[in-house]
Amino acid sequence: AAEHNLTFDWDGYRREMEKHGELSGAGQRVELFGSSPLDALKKALHGSEFLGYETTAAQGKIVGLIAAGQLCEKLDEIGHAEPVAVVLDRTPFYGESGGQVGDTGKIAGEGFEFDVIDTQREGGFTLHRGHLRSGKLKLGATVTATVDIDRRDGIRRAHSATHILHHALQKTLGEHAQQQ
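Participant: How should the environment of Leu 127 be read in this particular structure?
Facilitator: Among the secondary structure elements, Leu 127 is positioned in strand S9 (residues 125-134). On the accessibility criterion, Leu 127 (9% relative accessible area) is buried. Apart from residues lying up to four places away in sequence, Leu 127 is in contact with Leu 38, Ala 85, Val 86, Val 87, Asp 118, Thr 119, Gln 120 and Glu 122.

Here's what the structure looks like:
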């Protein structure tokens, strides 16, 4: 501002930064070394095997169910408001990483269907977040996990286009053009 002979409202800036801090949760107590529901799974298992480079549908076994921040043995509430997470021993679902969004799709087994609305990676495990549509989920159940292929193909195209654009920007504008 000074370089362009402009004044700056420091008091207004500080007020807005305080307001921003309150809205973003700054000042809330954050537990850095808290335990997560996955801690128990980490002790027993090595993580979820990712099969998504080879296939978009695969069989697996439910090794974890997380609802309301807790590990569960079974889940039978249909139409629950908050998403729950299903952890499989092996999955074709890509978990959000490196700026690329996670897959969506379905997990189905004997007498149940689960809609996957988002997929995340955490501690070596793939968390399939979503909603039970019918039946009951239980630990140990054998499932078929199926990725929404049309959506994944669209994500791949957008991801590739981003890299091509980044390359063109660097070539045209210089190495200082960075993808973030």
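Participant: So what exactly am I meant to see when it comes to the pattern of salt bridges here?
Facilitator: Where side chains of opposite charge bring their charged atoms close, a pairing between them can arise. Throughout the structure, instances matching the rule amount to seven salt bridges. Note that Arg 90 is salt-bridged to Glu 49, the shortest N-O span being 3.7 Å. Of this pair, Arg 90 sits in strand S6 (residues 90-91) while Glu 49 is found in strand S1 (residues 49-50), placing the two residues 41 residues apart along the sequence. Residue class for Arg 90 comes out partly exposed when judged on its relative accessible area of 30%. Between Asp 103 and Arg 152 there is a salt bridge whose closest N-O contact spans 2.5 Å.

Participant: What is the right way to read the pairing of strand S11 (residues 142-147) from this model?
Facilitator: Each regular strand displays side chains that alternate between the two surfaces of the sheet. Because side chains alternate across S11, one face comprises the buried residues Val 143, Ala 145 and Val 147, and the other comprises Thr 142, Thr 144 and Thr 146, none of which is buried. Relative to S11, strand S2 (residues 57-67) runs antiparallel, the two being bridged by five bridges. Bridging from a neighbouring strand, Ala 57 pairs with Thr 146 of S11. Across five bridges, strand S7 (residues 105-109) lies against S11 in antiparallel orientation. Paired with Ile 107 across the two strands is Ala 145, which belongs to S11.

Participant: Any chance you could explain the side chain of Thr 126 here in plain terms?
Facilitator: In this fold, Thr 126 is placed in strand S9. Engagement of the side chain of Thr 126 in a polar contact is seen with the side chain of Arg 121, the distance being 2.8 Å. Each residue touching Thr 126, except ones within four places of it in the same chain, is listed here: Ser 48, Val 86, Val 87, Leu 88, Thr 91, Phe 93, Thr 119, Gln 120 and Arg 121.

Participant: Even after reading the chapter, I still don't get the side chain of Asp 115, so can you show me in this structure?
Facilitator: Counting through the fold element by element, Asp 115 comes out in strand S8 (residues 112-122). Note on Asp 115: relative accessible area 16%, which makes it buried. Of note is the side chain of Asp 115, whose polar atom sits 2.4 Å from the side chain of Lys 106. Setting aside chain neighbours within four positions, we find Asp 115 in contact with Gly 105, Lys 106, Arg 129, Gly 130, His 131 and Arg 133.

Participant: Explain helix H3 (residues 149-173) here, please?
Facilitator: Owing to its 3.6 residues per turn, the α-helix brings residues three or four apart onto one side. Look at H3: 36 Å from first C-alpha to last across 25 residues, which is about the 36 Å you get at 1.5 Å a residue. Along H3, the positions that sit buried rather than exposed are Arg 152, Ile 155, His 166 and Gln 170. Elements that come into contact with the buried residues of H3 comprise S11. Near the N-terminus of H3, the side chain that reaches the backbone nitrogen of Asp 150, with its oxygen 3.3 Å away, is that of Asp 148. Gly 174, located one to two residues past H3, shows a positive phi value of around 120°.

Conventions and cut-offs
Residues numbered from 1 in each chain as written. Predicted model: local features only at pLDDT ≥ 70, side-chain atom pairs only at ≥ 80, totals over all residues. Heavy atoms only, no water. Helix = DSSP H or I, 4+ residues; strand = E, 2+ residues; numbered from the N terminus. Buried < 20%, exposed > 50% of the residue type's maximum accessible area, 1.4 Å probe, protein only. Contact = heavy atoms within 4.5 Å. Salt bridge = Lys/Arg side-chain N within 4 Å of Asp/Glu carboxyl O. Pairing = 2+ DSSP bridges. Polar contact = N/O pair within 3.5 Å; in protein donor to acceptor, adjacent residues only side chain to side chain. Expected span 1.5 Å × (residues − 1).

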